[in-house]
Amino acid sequence: IRIMPHNRFLVCDAGNGRLVLYDEYGNYERELIDDLLEYPIAATPDGNRWWVLDGATGRIVLITQKGEVLYEVAGQLMGTPRPLRRPSDIAVLPDDRLAIADTGNDRILICKIIREQE
């Protein structure tokens, strides 16, 4: 469960392969379902977007609030010797890097987020 802006809550409903958004009082707002997400176990806000981690596939997806996929990478990240194995959490750090807990490989990966020019 992540607290979003305006006291909304984002819940990773891994068993149903979806993300669910609730308002500040716990009322259902909407769900985001994507074919890329089999078992979403963690999500973290990044401005108006969310980084989502799929525990079944090791896939990392960047989606908009409407559920549109902006970026997706599966398994092995560039510059790492091993693919993700049983990843468990993801977070955007204050210095605009992405931290990924790769539990199966006993490591935490720190990745630089490269943003497109607007």
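Model, not experiment: these values are computed from the prediction.

Visitor: For this particular structure, what's the right way to read the sheet that holds strand β9 (residues 87–92)?
Guide: Either a parallel or an antiparallel arrangement is found when strands of a sheet pair, and the pairing is made through backbone hydrogen bonds. With respect to topology, three strands assemble into an open sheet ordered β9-β10-β11, the strand pairing being antiparallel. With partners counted over all chains shown, the strands left at the sheet margins are β9 and β11 (107–112), one partner each. Averaged over all adjacent pairs, the angle separating strand axes in this sheet is 20 degrees, with direction ignored. Summarising the sheet, strand β10 (residues 97–102) and β11 pair through six bridges and their orientation is antiparallel. Residue I100 lies in a different strand from β11, and its bridge partner there is L109.

Visitor: How do you make sense of the packing of aromatic side chains when you look at a structure like this?
Guide: Two aromatic rings are characterised by how far apart their centres lie and by the angle between their planes. Across all of its chains, the model carries two aromatic pairs by this definition. Look at W51 and Y71: their rings are 6.1 Å apart centre to centre, the planes differ by 75 degrees, and that puts the pair in the edge-to-face class. Highlighted residues: W51 in strand β6 (residues 49–54) and Y71 in strand β8 (residues 69–73), separated in sequence by 20 residues. Exposure remark for Y71: the relative accessible area of 42% places this residue in the partly exposed category.

Visitor: Just checking my understanding: could you explain the sheet that holds β8 for this structure?
Guide: Reading across the sheet, the four strands line up as β5-β6-β7-β8 and stay open at both edges, with antiparallel pairing between neighbours. Every other strand in the sheet has two partners, leaving β5 (40–46) and β8 as the edge strands with one partner each. Looking at each pair of strands side by side, their axes are set apart by 20 degrees on average, direction ignored. As defined by bridge partners, strand β7 (residues 60–64) adjoins β8 across four bridges and the pair is classed as antiparallel. Paired with I63 across the bridge in β8 is V69.

Visitor: How should I be thinking about the state of the cysteines in this particular structure?
Guide: Covalent bonding between the sulfur atoms of two cysteines is what defines a disulfide. Evaluation of the coordinates by the stated rule reveals zero disulfides. No disulfide involves C12; its sulfur sits 18 Å from that of C111, the nearest cysteine. With relative accessibility at 21%, the residue C111 sits in the partly exposed group.

Cut-offs and rules
- Residues numbered from 1 in each chain as written.
- Predicted model: local features only at pLDDT ≥ 70, side-chain atom pairs only at ≥ 80, totals over all residues.
- Heavy atoms only, no water.
- Pairing = 2+ DSSP bridges.
- Helix = DSSP H or I, 4+ residues; strand = E, 2+ residues; numbered from the N terminus.
- Axes fitted to C-alpha atoms, helices over the stretch in contact; angles between N-to-C directions.
- Phe/Tyr/Trp six-rings, centres within 6.5 Å; stacked < 30°, edge-to-face > 60°.
- Buried < 20%, exposed > 50% of the residue type's maximum accessible area, 1.4 Å probe, protein only.
- Disulfide = S-S within 2.5 Å.

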